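Results of the structural survey
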Amino acid sequence: MRCVRVWFEKKGDVRFISHLDLMRTMTRAIRRSQIPLWYTEGFNPHPYMTFVLPLSLGMESENDAMDIRIEGEISDEEVKERLSGAMPQGITVTAVSEPGLDPKFISFARFEISYYVSEGAVFLEARINEMLSGPELIVSKLGKKGHKKVYKDIDLLPHVKAYELILKDGVPTLSIVLPAGSTTNINPALLADKILEGLDGDDYYIIRRKRLFDSEMNNFL
């Protein structure tokens, strides 16, 4: 028995499936691919499968990962080939490797927020620069107080490690690094919503997670 890390992309409409549905999708894909999964022992055996820092509903990813345990003599390349043929539209297996860094050491993530706005790129760039260069950027974040869920105000600016506004296929896109992981986790949708606050109701954005990093900004592998 050995552990392998399956790297995959999640794009398009599949971003709207929940994490639970993603787990079910991956389980069915692994069964269809006839990969010899390792199962836990006991009264209710189940396959070992863990996802690295699951995403919020509605977000795309280019560097997602899940760890599985397999049995038998099967190479990483064969695992990738079998899984690739069993995935639904929108999910693409990009690599299979031996697990490197433990997910508990993830500290940051790079996101791209692509904006589809009626005002255009010049207006958006000025708005973003004004917000991210100001003294503070207060948003309401859902948290817990005892057993109750409550909203509390937080300042996003201290959490922004780096950002850049680029044009990607003609679409104004904010590339930004935010805390991610078990210690501190900032949902980029908080910032994305704040930037669109008060604009045309038909404006929207798509968030895509590009890469995960440790505390020293080394790539998560």
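Look up: the structure comes first, before these words.
Analysis parameters
- Residues numbered from 1 in each chain as written.
- Predicted model: local features only at pLDDT ≥ 70, side-chain atom pairs only at ≥ 80, totals over all residues.
- Heavy atoms only, no water.
- Helix = DSSP H or I, 4+ residues; strand = E, 2+ residues; numbered from the N terminus.
- Buried < 20%, exposed > 50% of the residue type's maximum accessible area, 1.4 Å probe, protein only.
- Phe/Tyr/Trp six-rings, centres within 6.5 Å; stacked < 30°, edge-to-face > 60°.
- Lys NZ or Arg CZ within 6 Å of the ring centre and 35° of its normal.
- Contact = heavy atoms within 4.5 Å.
- Salt bridge = Lys/Arg side-chain N within 4 Å of Asp/Glu carboxyl O.

1. Comments concerning the environment of isoleucine 106
Within the element layout of this structure, isoleucine 106 appears in the loop between strand E4 (91–97) and strand E5 (108–116). According to the relative accessible area criterion, isoleucine 106 is buried, its value standing at 4%.

2. Structural notes on the packing of aromatic side chains
Enumeration over the complete set of coordinates arrives at four aromatic pairs. Centroid distance tyrosine 116 to tyrosine 204: 4.8 Å. Interplanar angle 10°. Geometry classified as stacked. Of this pair, tyrosine 116 sits in strand E5 while tyrosine 204 sits in strand E10 (residues 204–213); the two residues are 88 residues apart in sequence, bridging distant segments of the chain. Relative accessible area serves as the criterion here: at 43%, tyrosine 204 is assigned to the partly exposed category. The side chain of arginine 69 reaches across the aromatic face of tyrosine 48, ending 3.9 Å from its centre. Sitting over the ring of phenylalanine 108, lysine 161 keeps its end group 5.0 Å from the ring centre.

3. Description of the environment of arginine 15
Tracing the backbone through its elements, the reader meets arginine 15 in the loop between strand E1 (2–10) and helix H1 (19–33). The class of arginine 15 is buried, set by a relative accessible area of 13%. Separated by 146 residues in sequence, arginine 15 and lysine 161 place their C-alpha atoms 26 Å apart. When sequence neighbours within four positions are dropped, the list of residues in contact with arginine 15 reads Lys10, Leu57, Gly58, Met59, Glu60 and Ile206.

4. Comments concerning the pattern of salt bridges
All told, the structure shown has 14 salt bridges when counted by the stated rule. Among the salt bridges present, the one from aspartate 21 reaches arginine 24, with a minimum N-O distance of 3.3 Å. On the criterion of helical spacing, the pair formed by aspartate 21 and arginine 24 is a turn pair, its members being three residues apart in helix H1. The salt bridge involving glutamate 112 is made with lysine 168; its shortest N-O contact spans 2.6 Å. Placement of the pair is glutamate 112 in strand E5 and lysine 168 in strand E8 (residues 162–168), with a sequence separation of 56 residues. Residue classification places glutamate 112 among the buried positions, given a relative accessible area of 7%. A network of salt bridges, in which partner residues are shared, links Glu9, Lys11, Arg15, Glu60, Glu62, Glu112, Lys168, Arg208 and Lys210.

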